[in-house]
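As a plain string of letters, each chain reads:
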Amino acid sequence: MNTSLSTTVPLGSPLYAQVKQAVLAALAQGEWKQGEAIPPEKVLAERFGVSIGTLRKAIDELAAENILVRHQGRGTYVAVHTRNHHFFKFFRIVRQDGDKSYPATELLRFRRVRASATAREKLNLPAGAMVFEFFNVLSLNGDVVMVDEICLPESCFPGMTEAHLRDRASTLYALYQDVFGVNVIATDERLRTCVAERQQAKALGVAEGSPLLEIRRVAFSYKRQPVEWRISRVNTESYEYLGQEPWEAGA
């Protein structure tokens, strides 16, 4: 496989940006898997016909975005999802005193259905496409804090079962990566307020009509392919949403 610059990026882009997009295209095509080393900089520079400096600037940006990880003396690798700082890049609900903790998750419902109009729009799916929908309840420090309604395109997660979700050993995004080869690298989140409907109120242990924070998220893999549509409702009585921390910018 030999992704070229001319076929993967718009004309007129800075050269390093073209290289970055070409590397992303190779990742999207599965040329390098999560946890694998990418070729040395000299090899990639020759492949794309650019200088080492231009290639390195593209790799620097991909490393800053946690898509690639540099290991001193060993090379550059495709990032993997583990229970570390990478998790909190995507999970931003914390206790109001600033305490961060991993949630305990309970799966309440799982089903395979035809995608709704909203799911088709968010996930860029054709009419008639099938999706997996599931409903999770998340607890922090023993407090039920959050309910998630998640929708996944079957085309990206063929053969997914309820057992995959119930028996997973780590985070949901680690499951996507390890079992289905889907690596979430970015999300688009929109926040608004809402009131608890009956099902959400029951799951969260609050009165129906109670105010909640609603987070609408589309998660993307390489080349901005949407792979997850999620609506989260959060009881903010003792917890809150933590935006980007100052030291995360460009880190």
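Residues numbered from 1 in each chain as written. Predicted model: local features only at pLDDT ≥ 70, side-chain atom pairs only at ≥ 80, totals over all residues. Heavy atoms only, no water.

Whenever I open this one, the packing of aromatic side chains confuses me. Can you help?
The description of two aromatic rings rests on the distance between their centres and on the angle between their planes. Summed over all chains, the structure comprises 6 aromatic pairs. Taking the centre distance of 6.5 Å and the plane angle of 35° together, the rings of Phe110 and Phe134 count as tilted. Of this pair, Phe110 sits in strand β4 (residues 104–114) while Phe134 sits in strand β5 (residues 130–140); the two residues are 24 residues apart in sequence, bridging distant segments of the chain. Put simply, the rings of Phe90, Phe157, Tyr173, Tyr176 and Phe180 pair up and form one aromatic cluster. (Phe/Tyr/Trp six-rings, centres within 6.5 Å; stacked < 30°, edge-to-face > 60°. Helix = DSSP H or I, 4+ residues; strand = E, 2+ residues; numbered from the N terminus.)

So what exactly am I meant to see when it comes to the domain arrangement of the protein here?
By a widely used convention, the size of an interface equals the accessible area lost when the partners come together. Segmenting the protein into domains produces domain 1 (15–78) and domain 2 (86–241). Between domain 1 and domain 2, the contact holds 10 residues from the first and 8 residues from the second. Counting each side, the surface lost to burial between domain 1 and domain 2 is near 770 Å², with a carbon and sulfur contribution of 61%. When the area that domain 1 buries against domain 2 is broken down by residue, the three leading residues are Gln34, Asn66 and Ile67, summing to 53%. Remark: the boundary between domain 1 and domain 2 carries 0 residue pairs in polar contact (both at pLDDT 80 or more). With 5 residues, helix α1 (residues 15–28) is the single largest residue contributor to the side of domain 1 that touches domain 2. The residue makeup of the side of domain 1 that touches domain 2, split by class, is 6 nonpolar, 3 polar and 1 charged. (Domains from an automatic or database assignment. Contact = heavy atoms within 4.5 Å. Buried area = accessible area lost by both parts, 1.4 Å probe. Polar contact = N/O pair within 3.5 Å; in protein donor to acceptor, adjacent residues only side chain to side chain. Nonpolar A, V, L, I, M, F, W, Y, C, P; charged D, E, K, R; others polar.)

Explain the environment of Leu212 here, please?
On the secondary structure map, Leu212 appears in strand β8 (residues 211–220). On the basis of relative accessibility, which here comes to 4%, the residue Leu212 falls in the buried class. Once the C-alpha coordinates of Leu212 and Cys194 are considered, the two residues, 18 residues apart in sequence, prove to be 5.3 Å apart. Contact partners of Leu212, with chain neighbours within four places excluded, come to Arg192, Thr193, Cys194, Ala196, Gln200, Leu204, Arg233, Val234 and Asn235. (Buried < 20%, exposed > 50% of the residue type's maximum accessible area, 1.4 Å probe, protein only.)

How do you make sense of the packing of α1 against helix α3 (residues 52–64) when you look at a structure like this?
It is the contact of α1 with α3, at a shortest axis distance of 8 Å, that shows an interaxial angle of 60°. Taken together, the axis directions place α1 and α3 in an arrangement best described as oblique. Crossing handedness for the pair α1 and α3: right-handed. Side by side, α1 and α3 meet where Leu15, Tyr16, Val19, Lys20, Val23 and Leu24 of the first sit next to Thr54, Leu55, Lys57, Ala58, Glu61 and Leu62 of the second. Looking at the contact of α1 with α3 residue by residue, the class counts come to 8 nonpolar, 1 polar and 3 charged. (Axes fitted to C-alpha atoms, helices over the stretch in contact; angles between N-to-C directions. Parallel < 35°, antiparallel > 145°, perpendicular 65-115°, else oblique. Left-handed = near helix turned anticlockwise from the far one by under 90°.)

Looking at this model, I keep getting lost on α3. Mind explaining?
Along an α-helix, a turn takes 3.6 residues, which lines up residues three or four apart on a common side. Across its 13 residues, α3 extends 18 Å between first and last C-alpha, which sits within 8% of the 18 Å expected from 1.5 Å per residue. For α3, the complete set of buried residues consists of Thr54, Leu55, Ala58, Ile59 and Leu62. What you see down the axis of α3 is that its buried residues fit within an arc of 135°, all on one side. Looking at the buried residues of α3, the elements they touch are α1, α2 (41–48), β1 (68–71) and β2 (75–78). Count one or two residues on from α3 and you reach Asn66, which has phi positive near 60°. (Expected span 1.5 Å × (residues − 1). Arc of directions from axis to C-beta.)

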